[in-house]
Structures are given as structure tokens and as C-alpha cells.
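Structure at a glance
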Amino acid sequence: MNGTTGANGIGGQGPALGRRTFIGAGLGLGLGAVALGGAGTAYAAPGRSSAPHRAHTFLAAAMDAYPDHGPTRLAQSYTDQAGLFSTAFTYDNALAILALLAARTAGGRERAVVLGDALLYAQAHDPGYDDGRLRQAYNVGPYTFYDGSRQPDGFVRADGAVNVGTQFGFTGTAVGDMAWAGIALTALARRTGERRFLRGAVRIGEWIERNGRTDEPLGGYKFGVDGGNQRLPFTSTEHNTDLVCLFGRLARLTRDGVWTQRRVRARDFVLRMWEADGGFFYTGTNDGVTVNKSPIPEDTQTWTHLALDSRAHARSLDWAARELAVLDHAGRRNSTVPAGQSYEGVTFSSASLLANEDAPIADSQPKPDRNGVWFEGTAHLALALRERGGRADEARARRLMDSLERAQERLGGGQTVGGRALPEGVGVVSASSPLDTGFGFGYYPYRHVGATAWYLMAAARHNPLRA
């Protein structure tokens, strides 16, 4: 297992498991024509509307997929075709909040508040704990599982507890997921002035301090707990990067110096992962003593820049843009890109470029394309290049954004959310072709809340990791 996690991915079908490292029980704005908030929302076809407008249409559809199951809801993370049914990952919903707020519209804020209140509800109505934790994922609508068993509830079960994603084992709690949820809640606290969001973020920070802090030689905050509440041994660069932002925000909003001290602890771990000779950050550590040097993921290069804004480490963006660059087209072995189309961007990690193209990523899944584009990471990179603002950075970012916008327009056609057809051209797929991350799971061309949210933040030039 690797000491890194963040965005969710998809593993084998029947059931399809996912996540950068699986931590489940088995292992221990509406804008324009899109109506806001209500059941039975109609989604207008995109027509000549802008790419960001169409991305927001997808977020609205993902939020409103189960109108008969109450107003307290999260967004389904992937389209139905991904095989994860009504799974709503905490991380994806945190990103959706941040993307909705980045739009700076009344409709975006209203939807962000709905999602933020759902996270607070999950904190207060967990079926097993009352300690501020959030689970990796929740069910948000009914479905029949692969074994024929019926999952009848929405996000809120009949007994009032939240509907934890037990079918896939998404019952653990990762520090990275918690950090992103806390970042989203602090953003809501600042935008709305509502103290309940800050209280929720503080509960998250305190849970991380109690359950993640480590005094091992490399320091920082560890991975979290599995579905059996057993502490996991890994420490992730990405998680600690997220904490640099969360703890920094809590320090400002609460004016309590303890958060500044905790931010320093997380930042020190991140800086220990820097490889000066190569100009990149390693993924983390599996034991708190030895740096894990392979694979090297993309997000530890881009998120570190967004969170640290350090000129001394800005070369990490050049490493990602150079070493993880891919170009996917129909002529590639195992590519699923239609004839005549091509997409550029970055892949998930150094291991993705070495994937075994003769074998499926997981049981019942297609074989990977070494040049599959990871669109979520491509959006990270575009935003980070815009933040850095070097001589050629904006032009490089624009090329990546063009690729993302073409992908939204052309890939993932005919997909549904909650059984309802999506308009064509709304929502960014997670990958251009089947993509092996090198961390035990894959990404596929399914429209995805996380990828769409990162695209929207890059389009709005909104850095969600700025403290």
C-alpha cells in the first residue's frame, strides 16, 4: 500500500472498488437554465452555452439525481456507467463546494450551502461514531447491488443516520478526505459568515490531530483509519499538503495559535519529501522512517505549489509537465478515444507510464492505455501554472484547458446519473482512456464530479489550497 491518497478512482467490476489506497472495512449552481435545488430539476441541453456553464449543469445533475429522497443530499461522484451506483465520495463533494463558490453567484453559493450542510449532517448523524469524522463515501440513492441485495435509502436513512457506503467498503476515514471537507467548510464559513461551518471544520481538525498526528522520525500526520477504526501506517505528502491549507485557514478564522503549530508540523513533513536533484516531491512514507520513492504521483507536484506557493519548489510543476506528459489518440494501443480526436495532459503517476498494457487494471476492467490523460490532474496542473505565472505558463495552461474543454464536449456521451440521461457535453470524464494509476486502481472515461470541479476552479483561476 502506498502512503498517498486523494481523488477517488475505480477498481474491478462486481463490485467496483476504488480509491488511491482502499481503506474500507475489508482492509481493517445551477446557472442559467438550470433550476436550483428542487426535486425534479430539468436540465437544459448545453447548446451554445459556455464550457463552465455546462460543467455546472453536470454538478447540478449529480446533486439532484435522487429528488424523492429528501433535501439533505450529496452529489453522486460518477455517472452510473462507472458501476459505483449512488456513491458520493466526501472528497468529490468538498471539491464541488469549492467550485460552486468559485463561480461567485447566488445560485452557486446556495448549492454549496446545501452540500456543506450535508457534510455537517454526516458529522452529526454517523451510525457508529460521534467524534467529528466523515467517511470515505456515502450512498445517496437506492440501487440493487451486484449480489441482488437492495439498498433502498437515500443519503439519510429511515432511522435518520447517514447512509455510509458499506457495499463497497468505503467506511474508513482518510486524513486527506477530512482535510478537503474542512477546507470546503472554512470556505463556506468565510463566504456566508455562518459559524456552524467553522465549528464543523474545527471538529475535523481536532479529529485529525487526535487520530493522525505522529511522532515518527519523518513526522507529519498519518493516513487515517480503516473501516474497523484501526490506524493506518502510511503518511502521505498529499494529505499533509492539504493540512497546510486547512490548519492555516483554521489559524486565521479561530485566531488560535495551536493551528499554526499544527500547520508547521504538516508543512515540515511535506518539505522532507522534496527531492532537490530531480525537482519533485515524493509520495510519502509507508513506515514513518523511510521515504517511499516510487511511484511519483502528479498531485504531490501541483498541490504542493498551490498550498506552499514556494519559489524554491516551483520546479515541481515543470517536472510534472515534462515527466508525466501524455497525448492520447485513437492510434494508441488500448485507447478508447474516438477516431480523429486527441487529448493532451498529464497522467496520474510515473507508474502509469509503465502500466502493463497486456492485462486489465482489475478484474472485468479494460486494459490500460499508457497515454491515457488524467483530466483531474491536468486541471490541477493548468491551475498551478496559472498561479505561478511564468513566461510560458499561461500558454501551457491554455493548451491544457482546451484539452479539458474538448473532452467535456466529446467524451462520455450517453451517460446517466441516477438513471436519468445527461445532456451531451456536460461534465468532464475522469480519464480519456482506461488509466492505471500504479496505486492499485484505475480511472476510466466516466463523467466525474471531481474532475469537473477541478476544471471549474482552473477556469475561474481559483486556488482552493490558498490558506
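Whatever comes next refers back to the structure up there.
In what follows, the accompanying structure is described. (Residues numbered from 1 in each chain as written. Predicted model: local features only at pLDDT ≥ 70, side-chain atom pairs only at ≥ 80, totals over all residues. Heavy atoms only, no water.)

Across the sheet, which stays open at both edges, the 3 strands sit in the order S7-S10-S11 with antiparallel pairing between neighbours. The open sheet has two edge strands with one neighbour each: strand S7 (235-236) and strand S11 (291-292). For strand S10 (residues 284-285) and S11, the ladder comprises 2 bridges, and the chain directions are antiparallel. What sits directly across from glycine 284, in S11, is asparagine 292. (Pairing = 2+ DSSP bridges. Helix = DSSP H or I, 4+ residues; strand = E, 2+ residues; numbered from the N terminus.)

Time to look at unusual backbone geometry. In this structure, the amide linkage connecting serine 294 to the following residue, proline 295, adopts the cis form with an omega of -5°. In this structure, phenylalanine 85 takes a positive phi of about 55° despite not being glycine. Mapped onto the elements, phenylalanine 85 comes out in the loop between helix H1 (51-63) and strand S1 (87-89). The partly exposed category is assigned to phenylalanine 85, whose relative accessible area is 21%. One non-glycine residue, arginine 104, adopts positive backbone phi at about 55°. If you trace the backbone, arginine 104 turns up in the loop between helix H2 (90-102) and helix H3 (106-124). Judged by relative accessible area, arginine 104 falls into the exposed class, the value being 62%. (Buried < 20%, exposed > 50% of the residue type's maximum accessible area, 1.4 Å probe, protein only.)

Following the sequence through the fold, glutamine 301 ends up in helix H8 (residues 299-308). Setting aside residues no more than four positions away along its own chain, glutamine 301 makes contact with Phe280, Phe281, Ile296, Ser316, Leu317, Trp319 and Ala320. (Contact = heavy atoms within 4.5 Å.)

Attention now moves to H8. Most of H8 is tucked away: 10 of the 10 residues are buried. Where H8 is concerned, the buried positions are Asp299, Thr300, Gln301, Thr302, Trp303, Thr304, His305, Leu306, Ala307 and Leu308. Aspartate 309 sits one or two positions beyond H8 and adopts a positive phi of about 50°.

The subject of this paragraph is the packing of H1 against helix H12 (residues 449-459). When two helices pack together, their arrangement is captured by the angle between the axes and the distance separating the axes. Relative orientation of the contacting elements H1 and H12 amounts to 145°, with a least axis distance of 10 Å. For the pair H1 and H12, the crossing hand works out as left-handed. For the pair formed by H1 and H12, the contact residues are Ala51, Pro52, Ala55, His56, Phe58, Leu59 and Ala62 on the first element and Val449, Thr452, Tyr455, Leu456 and Ala459 on the second. Looking at side-chain class alone, the contact of H1 with H12 contains 10 nonpolar, 2 polar and no charged residues. (Axes fitted to C-alpha atoms, helices over the stretch in contact; angles between N-to-C directions. Left-handed = near helix turned anticlockwise from the far one by under 90°. Nonpolar A, V, L, I, M, F, W, Y, C, P; charged D, E, K, R; others polar.)

Centre distance and the angle of the planes are the two values used to describe a pair of aromatic rings. Counted by the stated rule, this structure contains 28 aromatic pairs. Pairing tryptophan 303 with tryptophan 454 gives two aromatic rings, centres 5.8 Å apart and planes at 25°, and the pair type is stacked. Highlighted residues: tryptophan 303 in helix H8 and tryptophan 454 in helix H12, separated in sequence by 151 residues. In this structure tryptophan 454 comes out as buried when scored by relative accessible area, which is 0%. Summarising the aromatic geometry, the rings of phenylalanine 348 and tryptophan 374 are spaced 4.6 Å apart at their centres and angled 55° between planes, so their arrangement reads as tilted. In this pair, phenylalanine 348 sits in the loop between strand S13 (342-346) and helix H10 (375-388) while tryptophan 374 sits in the loop between S13 and H10, placing the two residues 26 residues apart along the sequence. The class for tryptophan 374 is buried, based on a relative accessible area of 0%. The structure contains a cluster of three or more aromatic residues connected by ring pairs, namely Phe85, Phe89, Tyr143, Phe145, Tyr146, Phe168 and Phe170. Between the NZ or CZ atom of arginine 133 and the centre of the ring of tyrosine 129, over which it lies, the distance is 3.6 Å. (Phe/Tyr/Trp six-rings, centres within 6.5 Å; stacked < 30°, edge-to-face > 60°. Lys NZ or Arg CZ within 6 Å of the ring centre and 35° of its normal.)

The subject of this paragraph is the nonpolar core. Leu74, Trp180, Ile208, Leu243, Leu246, Phe375 and Trp454 are the most contacted members of the largest nonpolar core, which has 111 residues in total. Take this core: its biggest share by element is 11 residues, from helix H4 (residues 175-192). Not counting chain neighbours up to four residues away, the residues in contact with leucine 246 comprise Ala179, Gly182, Ile183, Thr186, Ile204 and Ile208. Membership of the second largest hydrophobic core comes to 19 residues, among which are Phe145, Ile361, Ala431 and Tyr444. (Core = buried A, V, L, I, M, F, W, Y, C linked by side-chain atoms within 4.5 Å.)

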